[in-house]
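Topology and contacts: notes
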Amino acid sequence: MIAVIADVHANLPALRAVLGEVRRHRVDGLLCLGDVVGYHAEPDECVGLLAEAGCAGVLGNHDLGALTGDDHHAGSVARAIQRWTGERLSAAARAFLASWPARLYRPWGQAVHGCYTHPAATIGYVTATTAAANLAAFAASAGLIPGAVGWFGHTHTPAIHGVAAEVAGEVELPASGCTLINPGSVGQPRDGDPRASFALWDPDRRTVRIVRVAYDIDATVRALTAAGLPAELGQRLRDGR
Ligand code: ZN
């Protein structure tokens, strides 16, 4: 069993709640689909927790923005927060994040932050309208891996593309065709459900389950306020937008 997380966005109370839930399951590995930082107030602590957990991962556009100081396709508020974040990352956190590639290749498939159609992989969105093109691009790059799984994040909305019928609870993945999966966002869900989201994936049984975890949003908002970051980010958390 592998726990897959994405878009933590420096929300430490949400990450702690998710890692607590992960510990309740028999998990052999932890995979992160990028954007560990950006938006919220505890970037260094979040990177530190993932480093401690030996988390494998890919870089997101916000991670790159904080590491390089360049504008990685973020809006003006996000850019300002990326600069703020860059100043707060310790050398150890920087080194850990910088060790992640933009695209991870594994025997089971691949992982990216953004999408499979853009050469940068950290940007571009897999949505209902772009899913078919992304499935085709992923299938071409995954070659002959039967039932390859392509993980992605960036939209902050859990999704499973490539399965005939999406069912509540455990979803069975096809053994031949490709599947693209987004575990949802740990630290800033945008699907109207404010609870943190992640995925429990069993590559042997070929099943995946999206898990939602309630956490102390007030604690995240308090840290946000204390850091002087935009208050609107707190309201978005409560709305799940
Ligand atoms: Zn994100």
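Presented here is a report on the structure given in the accompanying data block. (Residues numbered from 1 in each chain as written. Predicted model: local features only at pLDDT ≥ 70, side-chain atom pairs only at ≥ 80, totals over all residues. Heavy atoms only, no water.)

Let us look at the environment of Ser-176. Examined against the element boundaries, Ser-176 turns out to sit in the loop between β8 (170–172) and β9 (179–182). Separated by 31 residues in sequence, Ser-176 and Ile-145 have C-alpha atoms that sit 8.4 Å apart. (Helix = DSSP H or I, 4+ residues; strand = E, 2+ residues; numbered from the N terminus.)

Now for unusual backbone geometry. In terms of backbone geometry, most residues other than glycine have negative phi values and most peptide bonds are trans. In this structure, Ala-10 takes a positive phi of about 60 degrees despite not being glycine. Although it is not a glycine, Ala-121 adopts a positive phi angle of roughly 65 degrees. Of note, Ala-121 is situated in the loop between β5 (109–112) and α6 (131–142). The class of Ala-121 is buried, set by a relative accessible area of 2%. (Buried < 20%, exposed > 50% of the residue type's maximum accessible area, 1.4 Å probe, protein only.)

Time to look at the sheet that holds strand β6 (residues 149–151). Within a beta sheet, neighbouring strands are joined by backbone hydrogen bonds and run either parallel or antiparallel to one another. Spatial strand order, β4-β5-β6-β9-β7: five strands in an open sheet with mixed pairing. With one partner strand each, in any of the chains shown, β4 (103–106) and β7 (159–161) form the two edges of the open sheet. Direction aside, the axes of adjacent strands within the sheet are offset by 15 degrees on average. Two elements, β5 and β6, share three bridges in a ladder whose sense is parallel. Among the inter-strand pairings, Gln-110 is bridged to a residue of β6, identified as Gly-150. Strands β4, β5, β6, β7 and β9 of the sheet are contacted by α6, whose axis makes an angle of about 115 degrees with β9. (Pairing = 2+ DSSP bridges. Axes fitted to C-alpha atoms, helices over the stretch in contact; angles between N-to-C directions. Contact = heavy atoms within 4.5 Å.)

Ranked by internal contacts, the top residues of the largest apolar core, which has 37 residues, are Ile-5, Leu-15, Val-36, Leu-50, Trp-100 and Phe-198. The dominant element in this core, judged by the number of residues it contributes, is helix α1 (residues 12–23), at six residues. Apart from the residues within four sequence positions on either side, Phe-198 is in contact with Ala-3, Val-4, Ile-5, Val-18, Glu-21, Val-22, Pro-183, Arg-209, Ile-210, Val-211 and Val-213. Within the second largest apolar cluster, 18 residues are counted, among which are Ala-111, Ile-160, Val-163 and Leu-173. (Core = buried A, V, L, I, M, F, W, Y, C linked by side-chain atoms within 4.5 Å.)

Moving on to the coordination of the zinc ion. The protein atoms that coordinate the zinc ion are Asp-7 (OD), His-9 (NE2), Asp-35 (OD) and His-156 (NE2), at distances of 2.1 to 2.5 Å. Between the four donor atoms coordinating the zinc ion, the angles at the centre fall across 86 to 175 degrees, so the site counts as irregular. Coordination of the zinc ion draws on donor residues from a single chain, spaced D-x1-H-x25-D-x120-H in sequence. With Asp-7 in the loop between β1 (2–5) and α1 and His-156 in the loop between β6 and β7, this pair connects stretches of sequence that are 149 residues apart. Judged by its relative accessible area of 0%, Asp-7 falls in the buried class. Looking at His-156, the relative accessible area reads 2%, which means it is buried. (Donors = N, O, S within 2.8 Å, 3.2 Å for Na, K, Ca; no water. Tetrahedral: all angles 85-135°; square planar, octahedral: opposite > 155°, others 65-115°.)

For the α-helix, the turn length of 3.6 residues means that residues three or four positions removed from each other point alike. With 13 residues, helix α4 (residues 76–88) should cover 18 Å at 1.5 Å per step; its first-to-last C-alpha distance of 19 Å lies within 8% of that length. Residues of α4 that are buried include every one of Ala-78, Ile-81, Gln-82, Trp-84, Thr-85 and Gly-86, and no others. (Expected span 1.5 Å × (residues − 1).)

Turning our eyes to something else, we now look at the pairing of strand β10 (residues 196–202). Where burial is concerned, most of β10 is hidden: seven out of the seven residues are buried. Covered by surrounding structure in β10 are Ala-196, Phe-198, Leu-200 and Asp-202 together with Ser-197, Ala-199 and Trp-201, the residues of both alternating faces. Two strands pair when backbone bridges link them, and β1 and β10 are joined in this way by three bridges, in the antiparallel orientation. Bridge pairing links Val-4 to Ala-199 in β10. Summarising the sheet, β10 and strand β11 (residues 207–213) pair through seven bridges and their orientation is antiparallel. The residue bridging Ala-196 from the neighbouring strand is Val-213, located in β11.

What the six strands build is an open sheet, ordered β3-β2-β1-β10-β11-β8; its pairing is mixed. Where the open sheet ends on each side, the last strands, each with one partner, are β3 (56–57) and β8. With three bridges joining them, β8 and β11 adopt antiparallel strand pairing. The residue bridging Glu-170 from the neighbouring strand is Arg-209, located in β11.

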